Amino acid sequence: MSVYAEVSKMVPSTPDDGYNVLLDMELGKLATGDRELFHQEALYCVSLYRTYGAKADDDEFCEQKIMERFAEEEAARS
């Protein structure tokens, strides 16, 4: 499971106060590497809108694309 998916499950889907306090609290609990990975994965999910449009709103779809990207990066390292 991606860090993005884990953090998304920890943060309630109710509206925040506009300052991302809930998200910041959860990110503050993570190790620095995981925090950076979350930001990279979140940016990647946002970039999916260019190609897939509204389909990128689906959490499962984003998770699938993140894991595919991770597999490709691992394969490239081998």
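See the structure printed just above.
Residues numbered from 1 in each chain as written. Predicted model: local features only at pLDDT ≥ 70, side-chain atom pairs only at ≥ 80, totals over all residues. Heavy atoms only, no water.

Chemist: Just checking my understanding: could you explain the environment of Glu26 for this structure?
Modeler: Topologically, Glu26 is positioned in helix 2 (residues 21–28). On the basis of relative accessible area, Glu26 is assigned to the buried category, the value being 12%. Counting along the chain gives 18 residues from Glu26 to Ser8, while the straight-line C-alpha distance between them is 9.4 Å. (Helix = DSSP H or I, 4+ residues; strand = E, 2+ residues; numbered from the N terminus. Buried < 20%, exposed > 50% of the residue type's maximum accessible area, 1.4 Å probe, protein only.)

Chemist: How do you make sense of the side chain of Glu63 when you look at a structure like this?
Modeler: With respect to the helices and strands, the residue Glu63 is situated in helix 4 (residues 59–77). Of the buried charged residues, Glu63 lacks a salt bridge, with Lys9 as the closest side chain of opposite charge at 7.8 Å. Once residues within four sequence positions are removed from consideration, Glu63 is found in contact with Met1, Ser2 and Ala5. (Lys, Arg positive; Asp, Glu negative; His and termini not counted. Salt bridge = Lys/Arg side-chain N within 4 Å of Asp/Glu carboxyl O. Contact = heavy atoms within 4.5 Å.)

Chemist: Is there a simple way to explain the packing of aromatic side chains in this structure?
Modeler: The description of two aromatic rings rests on the distance between their centres and on the angle between their planes. Per the stated rule, a full pass over the model turns up two aromatic pairs. Geometrically, the ring pair formed by Tyr4 and Phe38 is stacked, given 5.8 Å between the ring centres and 20° between the ring planes. Of this pair, Tyr4 sits in helix 1 (residues 3–10) while Phe38 sits in helix 3 (residues 32–52), placing them 34 residues apart in sequence. Ring geometry for Tyr52 against Phe61: centres 4.9 Å apart, planes inclined by 70°, an arrangement best described as edge-to-face. For Tyr52, a relative accessible area of 33% corresponds to the partly exposed category. (Phe/Tyr/Trp six-rings, centres within 6.5 Å; stacked < 30°, edge-to-face > 60°.)

Chemist: How should I be thinking about the pattern of salt bridges in this particular structure?
Modeler: Pairs can form between side chains of opposite charge once their charged atoms are near each other. Overall, the coordinates contain four salt bridges when judged by the stated rule. With a shortest N-O distance of 3.4 Å, Glu68 and Lys65 are connected by a salt bridge. Note that Glu68 and Lys65 are positioned in helix 4 at a spacing of three residues, about one turn of the helix. For Lys65, a relative accessible area of 14% gives the class buried.

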